Amino acid sequence: MPIDLKLLAQYDTPTICNTIELFEVRPRNEGYMDARIRACFPEMPPAVGYAATATMRCALPRREGDVYGSLDEQVARFAELPGAAIVVFQDLDDPPVAATFGEIMCTTYKSFGAVGLITSGAARDLDQVRRLGFPAFSNGAICSHGYSHIVDLHRTVRVGGLTIHPGDLMHADCNGVTTIPLEIASEVAQVAAEFCAAESLVLEYLKGERVDVKGFTEARKAMMSALAVLGKRVRQRQG
């Protein structure tokens with residue numbers, strides 16, 4: 001079954017994380033980035049795409065060649081991915097000394113079909129990138145690009161405590177960034193709606209005019225039962 005990226009983008013990242021848990025394909029404390037990586041534009045909708053990975057360095061000049069030379073190859077290699085790219089940078093400087101990206105890079109990426117950018121480094125040109133409507137995630141902002149240059153493309157990187165491989169499926173919004181295991185991704189897109197329906201059993205009760213502990217307990221038990229049934233069903237299908 002093809003992976004429906006547009007359907008995945010209809011749900012926030014916490015809902016996607018919760019849905020992934022039902023499949024029990026990884027420990028619950030794995031598969032997502034830590035709090036160092038934050039949305040530059042929390043108001044933007046979720047970004048969903050495949051990781052176009054790269055490493056960046058800003059502290060020292062590039063030894064040879066055009067600083068932006070690798071950018072041509074980078075966008076050309078978006079075609080190797082099964083769908084829209086999300087650029088994922090590991091900044092090799094620790095701590096970061098300059099910005100990983102700015103207006104020119106993000107405009108380039110968007111023009112070549114990328115749907116977002118995630119970096120362990122810093123951001124800049126925030127007003128301009130916001131106007132592009134291009135979701136970006138970083139560990140902060142730094143006004144200068146220093147000696148920024150791409151070091152490697154399409155290699156395994158580590159960002160926000162998470163190892164990312166080229167082609168990993170990413171889901172990111174104001175709450176953070178997670179990967180979606182490819183083997184369950186098409187089902188996650190479908191099951192997320194059922195997860196939300198189960199949660200609504202409690203949420204709708206709490207929005208009622210008359211709320212008491214007994215009613216809340218019953219609504220919570222109904223939710224947990226629905227989730228248990230849903231989890232059992234999806235795991236049986238996976239088996």
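This report concerns the structure included in the present document. (Residues numbered from 1 in each chain as written. Predicted model: local features only at pLDDT ≥ 70, side-chain atom pairs only at ≥ 80, totals over all residues. Heavy atoms only, no water.)

Along the protein chain, the regular secondary structure elements total seven helices and twelve strands. If one aligns the C-alpha atoms of the protein chain with their principal axes, the spans along those axes are about 70 × 40 × 30 Å. The buried share of the protein chain, reckoned over its 239 residues, is 45%. The long-range fraction of contacts in the protein chain, counting pairs at least 24 apart against all pairs at least 6 apart in sequence, stands at 78%. For the protein chain, the distance from the average site of its 24 positive side-chain charges to the average site of its 29 negative ones is 5 Å. (Helix = DSSP H or I, 4+ residues; strand = E, 2+ residues; numbered from the N terminus. Buried < 20%, exposed > 50% of the residue type's maximum accessible area, 1.4 Å probe, protein only. Contact = heavy atoms within 4.5 Å. Lys, Arg positive; Asp, Glu negative; His and termini not counted. Charge placed at Lys NZ, Arg CZ, Asp CG, Glu CD.)

This next bit is on the packing of aromatic side chains. Within a pair of aromatic rings, the relevant descriptors are the distance that separates the centres and the angle that separates the planes. Counted according to the given criterion, the structure contains one aromatic pair. With a centroid separation of 6.2 Å and an interplanar angle of 50°, the aromatic rings of Phe78 and Tyr109 are classed as tilted. Linking Phe78 in the loop between helix H3 (69-76) and strand E3 (85-91) with Tyr109 in helix H4 (residues 103-111), this pair joins segments that are 31 residues apart in sequence. Of the two residues, Phe78 and Tyr109, both sit in the buried class. (Phe/Tyr/Trp six-rings, centres within 6.5 Å; stacked < 30°, edge-to-face > 60°.)

Where nonpolar side chains cluster on the molecular surface, the patch consists of Leu206, Val211 and Phe216 and spans about 240 Å² of accessible area. Tracing the sequence through the fold places Val211 in the loop between helix H6 (185-206) and helix H7 (213-238). By relative accessible area, which is 44% here, Val211 ends up partly exposed. (Patch = residues over 30% accessible without salt bridge, like charges linked within 9 Å, V, L, I, M, F, W, Y side chains within 5 Å. Areas by Shrake-Rupley, 256 points an atom, 1.4 Å probe, with all protein chains shown as cover. Salt bridge = Lys/Arg side-chain N within 4 Å of Asp/Glu carboxyl O.)

Sheet faces and side chains relate simply in a regular strand, where the side chains alternate between the two faces. With respect to burial, E3 is a largely interior element, seven of its seven residues being buried. Of the two faces of E3, the one holding Ala85, Val87, Phe89 and Asp91 and the one holding Ile86, Val88 and Gln90 are both buried throughout. Pairing of strand E2 (residues 47-57) with E3, which is carried by seven bridges, proceeds in the parallel orientation. By the bridge assignment for E3, Met56 is matched with Asp91. Of the strand pairs in this sheet, E3 and strand E5 (residues 116-119) are connected by four bridges, and their pairing is parallel. Across the sheet, residue Phe89 finds its bridge partner in E5, namely Thr119. (Pairing = 2+ DSSP bridges.)

Along its 26 residues, H7 runs 37 Å from first to last C-alpha, staying within 8% of the 38 Å computed at 1.5 Å per residue. Among the residues making up H7, those that are buried are Gly215, Ala219, Met223, Leu227, Leu230, Gly231 and Val234. Taken together, the buried residues of H7 touch helix H2 (13-23) and H6. Where H7 starts, the residue carrying a side-chain oxygen 3.3 Å from the main-chain nitrogen of Lys214 turns out to be Asp212. (Expected span 1.5 Å × (residues − 1). Polar contact = N/O pair within 3.5 Å; in protein donor to acceptor, adjacent residues only side chain to side chain.)

Further remarks concern unusual backbone geometry. Here the amide bond leading from Asp94 into Pro95 is cis, since omega sits at 5°, within 30 degrees of zero. Structurally, Pro95 is set in the loop between E3 and strand E4 (99-101). You will see that Glu24, though not glycine, has its phi angle at about 50°, which is positive. Looking at where Glu24 falls in the secondary structure, it is placed in the loop between H2 and strand E1 (38-39). Under the relative-accessibility criterion, Glu24 is labelled exposed at 58%.

Position of Met44 relative to the elements: it lies in the loop between E1 and E2. Accessibility expressed as a relative area gives 13% for Met44, which makes it buried. Linking Met44 and Pro135, residues 91 residues apart in sequence, is a C-alpha distance of 6.5 Å. Each residue touching Met44, except ones within four places of it in the same chain, is listed here: Val129, Arg130, Gly133, Phe134 and Pro135.

On to H6. Given a rise of 1.5 Å per residue, 22 residues ought to cover 32 Å, and the 32 Å separating the end C-alpha atoms of H6 matches this to within 8%. The axis of H6 is deflected most strongly, by about 35°, at Ser200. Among the residues of H6, those classed as buried are Ala185, Ser186, Glu187, Val188, Ala189, Val191, Ala192, Phe195, Ala198 and Val202. Looking at the buried side of H6, the elements it contacts are helix H1 (5-8), H2, strand E11 (169-173), strand E12 (176-180) and H7. (Bend = angle between axes of the 7 residues up to and from the residue.)

Note that Asp173 resides in strand E11. Arg38 provides the closest opposite charge to the buried, salt-bridge-free Asp173, at an N-O distance of 12 Å. A polar atom in the side chain of Asp173 sits 2.8 Å from the backbone nitrogen of Asn175. Residues within four places of Asp173 in sequence aside, it is in contact with Asp12, Thr13, Pro14, Ala39, Pro46 and Phe137.

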